Amino acid sequence: MLDHGAAPPVEDPTARKTTVLTALTRRKPVERLVAEGGQGEGGTLRRSLSMWQLTMISIGATLGTGIFVVLGDAVPKAGPAVTLAFVIAGLTALFSALSYAELAGSIPVAGSSYSYAYATMGELVAWVCGWCLVLEYGVSVAAVAVGWGEYLNELLDGTIGVTIPALLSSAPGEGGVINLPGLIVVLLAMVFLLGGARESALVNTIMVFVKIAALVLFCAIGFVGFKSGNYADFMPLGMAGVSAAGASLFFSYIGFDAASTAGEEAKDPKRDLPRAIMLSLLIVTVLYVLVAAVAVGAWNWKEFEGSEATLAAIMNDVSGQTFWGTLLALGAVISIASVVLTVLYGQTRVLFAMSRDGLVPRVFSKVSGKTGTPRVNTVIVSLFCAALASVIPLGKLVDATSIGTLFAFALVNIAVIVLRCTRPDMPRTFKVALGPVFPVLGFGFCVYNMFSLDTVTWVVFGCWMAAGLVFYFLYGMRRSRLASEQK
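Being a predicted model, the structure only gives us computed values, none of them experimental. (Residues numbered from 1 in each chain as written. Predicted model: local features only at pLDDT ≥ 70, side-chain atom pairs only at ≥ 80, totals over all residues. Heavy atoms only, no water.)

So, the overall build of the protein
Short version of the rule: To qualify as a helix, a DSSP run of H or I must reach at least 4 residues; to qualify as a strand, a run of E must reach at least 2; elements of each kind are numbered from the N terminus. Exposure is judged per residue with a 1.4 Å probe applied to protein chains only, and the accessible area is read against the type maximum: over 50% gives exposed, under 20% gives buried, and values in between give partly exposed. What makes two residues a contact is simply this: any of their non-hydrogen atoms within 4.5 Å.
When helices and strands are counted, the protein shows 20 helices and two strands. Per-residue burial over the protein gives 57% buried out of 487 residues. Sequence separation of at least 24 residues holds for 84% of the intrachain contacts in the protein that already meet a minimum separation of 6.

Regarding helix H14 (residues 310-319)
All of the buried residues along H14 are Thr-310, Leu-311, Ala-312, Ile-314, Met-315 and Asn-316. Downstream of H14 by one or two residues, Gly-320 has phi in the positive range, about 75°.

A short note on the nonpolar core
As a reminder, the rule being used: The term nonpolar core refers to a set of buried residues drawn from Ala, Val, Leu, Ile, Met, Phe, Trp, Tyr and Cys, joined through side-chain atoms within 4.5 Å.
By size, the foremost hydrophobic cluster in this structure holds 142 residues, and its most contacted members are Phe-68, Leu-71, Val-82, Phe-86, Tyr-151, Phe-218 and Leu-311. A total of 19 residues in this core trace back to one element, the largest contributor, which is helix H8 (residues 123-159). Ignoring sequence-local partners within four residues, the contact set of Phe-68 consists of Tyr-151, Leu-215, Thr-310, Leu-311, Leu-328, Ala-332, Ser-335 and Ile-336.

Remarks on the environment of Ser-365
Stated formally: Each polar contact in these results corresponds to two N or O atoms within 3.5 Å; when the atoms are within protein, one needs to be able to donate a hydrogen and the other to accept it, and residues that are neighboring in sequence are counted only if both atoms are side-chain atoms.
Position of Ser-365 among the secondary structure elements: in the loop between helix H15 (323-356) and helix H16 (375-391). By relative accessible area, Ser-365 is classed as buried at 2%. Separated by 17 residues in sequence, Ser-365 and Thr-348 place their C-alpha atoms 9.2 Å apart. At 3.0 Å, the side chain of Ser-365 and the side chain of Ser-355 are in polar contact.

Looking at the pattern of salt bridges
Side-chain pairs of opposite charge can arise where the charged atoms are in close proximity. Operational definition: By convention in these notes, a salt bridge is any Lys or Arg side-chain nitrogen within 4 Å of a carboxyl oxygen on Asp or Glu.
Inspection of every chain in the model, using the stated rule, returns three salt bridges. A salt bridge links Arg-271 to Asp-268; the shortest N-O distance between them is 3.6 Å. Using a relative accessible area of 31% as the deciding quantity, one classes Asp-268 as partly exposed. A salt bridge links Asp-272 to Arg-271; the nearest nitrogen and oxygen atoms lie 2.7 Å apart. Judged by relative accessible area, Asp-272 falls into the buried class, the value being 2%. Through salt bridges with shared partners, one network takes in Asp-268, Arg-271 and Asp-272.

Some words on the environment of Val-367
Residue position: Val-367 is located in the loop between H15 and H16. You can call Val-367 buried: its relative accessible area is 7%. Counting along the chain gives ten residues from Val-367 to Asn-377, while the straight-line C-alpha distance between them is 8.8 Å.

What to know about helix H3 (residues 51-62)
Formally: By this rule the span expected of a helix is its residue count minus one, scaled by 1.5 Å.
Look at H3: 17 Å from first C-alpha to last across twelve residues, which is about the 16 Å you get at 1.5 Å a residue. Within H3, ten of the twelve residues are buried, leaving the element largely enclosed by the surrounding structure. Of all the positions in H3, only Gln-53, Leu-54, Thr-55, Met-56, Ile-57, Ser-58, Ile-59, Gly-60, Ala-61 and Thr-62 are classed as buried.

Quick look at the confidence of the model for the protein
Inclusion rule: By definition, pLDDT measures how confident the predictor is in each residue, and it falls between 0 and 100.
Confidence along the protein averages 79 in pLDDT terms, with 87% of residues attaining 70 or more. Segment residues 1-18 is flagged for pLDDT under 50; beyond a separation of four residues in sequence, or across chains, it makes one contact in the model.

Digging into the packing of aromatic side chains
As a reminder of what qualifies: Paired rings are identified among Phe, Tyr and Trp, the last through its six-membered ring, by centres lying within 6.5 Å, and are further divided according to the angle between planes into stacked (under 30 degrees), edge-to-face (over 60) and tilted (the rest).
Inspection of the entire model under this criterion finds 20 aromatic pairs. With a centroid separation of 6.2 Å and an interplanar angle of 85°, the aromatic rings of Trp-458 and Phe-461 are classed as edge-to-face. Here Trp-458 pairs with Phe-461, and both are found in helix H19 (residues 455-479), just three residues apart, close to one helical turn. Put simply, the rings of Trp-127, Trp-131, Trp-464, Phe-471, Tyr-472, Phe-473 and Tyr-475 pair up and form one aromatic cluster.

Right under this line is the structure:
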């Protein structure tokens with residue numbers, strides 16, 4: 001007989017907590033991550049990229065707005081010591097790059113640091129890392145696109161004597177209604193990406209050579225006007241100014257990790273990804289420090305305040321004619337466009353990996369059988385970034401991008417240490433020297449630079465992370481493929 005008066009069973013709160021904790025910390029095995037490489041909804045990504053092309057992707061994503069545009073914002077903060085700020089930002093990037101190189105050679109997949117976190121620290125941390133990458137790549141595309149418009153105006157002024165009116169080339173609040181150039185360059189990058197990864201890589205390689213040539217030209221012309229007296233007061237605003245500039249200039253190094261997002265389209269990712277990451281960072285750092293040193297030598301640091309298209313303006317001033325500045329502006333227009341192209345590529349591949357794991361909608365992992373690319377993903381991301389570029393000022397975008405990137409890089413440094421402890425015997429094509437010392441230094445540099453950013457940036461970051469956690473608990477945690485398999 002049934003006892004209708006019996007009390008209903010009492011839920012064990014401990015069991016529930018254990019279930020939730022298990023869900024948040026579930027990890028995706030490295031072997032499974034690698035085995036799923038390239039697989040999407042309805043098709044697979046094509047392995048067509050060589051080490052050279054991967055290096056060009058990293059340089060293309062890194063070398064651009066940071067030196068062509070952000071330099072004008074950083075010099076007033078640090079003075080001539082902006083060269084030291086570049087070195088500090090470069091060291092931060094170097095230690096993290098070493099960790100990226102080790103993980104990229106061990107886990108060569110499209111998700112970059114998101115996938116590394118999933119394999120080492122669990123789903124919640126992976127989601128947080130992926131959400132930071134959305135901030136890093138998505139907002140970075142918009143920031144770069146805004147800077148592109150400044151040099152486009154410089155080019156138009158030097159060639160046909162007209163410029164795009166501020167009403168159509170500036171964000172609301174900065175004298176404009178819409179930043180039309182920023183909108184256009186993102187949409188152009190979208191068109192190239194829809195053609196395929198190999199085709200986009202070829203276009204990017206050409207653009208990279210143009211931008212390197214433009215910076216070498218600047219150094220040659222700018223050195224003519226070099227005045228050693230400009231370095232007399234090397235650190236006018238103290239170390240605090242150098243730190244503030246370094247935190248902003250870290251934005252200039254964002255992109256070296258773009259090669260890691262191409263892990264599922266590389267021909268030999270275990271060998272080529274670590275090499276591409278380290279080589280690209282070396283080339284970029286040398287160019288940055290050289291260009292910054294020449295720029296401050298040619299102009300007194302106080303002249304940089306409020307300047308736009310800074311390098312072109314310096315060339316015009318030193319040479320006494322507009323030809324060289326116009327030529328540099330042409331190089332900048334092409335080179336900054338390559339940053340938009342490659343960073344937009346990275347964003348789509350991170351979302352591709354997150355979608356394949358079920359944490360974001362499946363539409364982001366649908367692959368075109370014709371081009372072997374996630375076409376719908378590319379269109380959605382491009383339209384979102386174009387909208388941001390058209391209405392948000394550059395400064396706000398730069399700092400928001402920096403803090404998201406620093407947080408993701410900090411997690412990558414931790415992931416290296418965790419994977420060393422949990423999988424010490426796993427084959428590694430590249431290994432960071434001195435055990436955990438360099439990853440710990442990388443983590444420390446990232447945290448140091450994060451706390452050098454202003455309060456407003458932290459508030460924006462906090463709101464972004466809160467929104468991401470709400471999305472994860474309402475959608476990602478329930479739709480996760482690992483969650484479905486554990487039911």
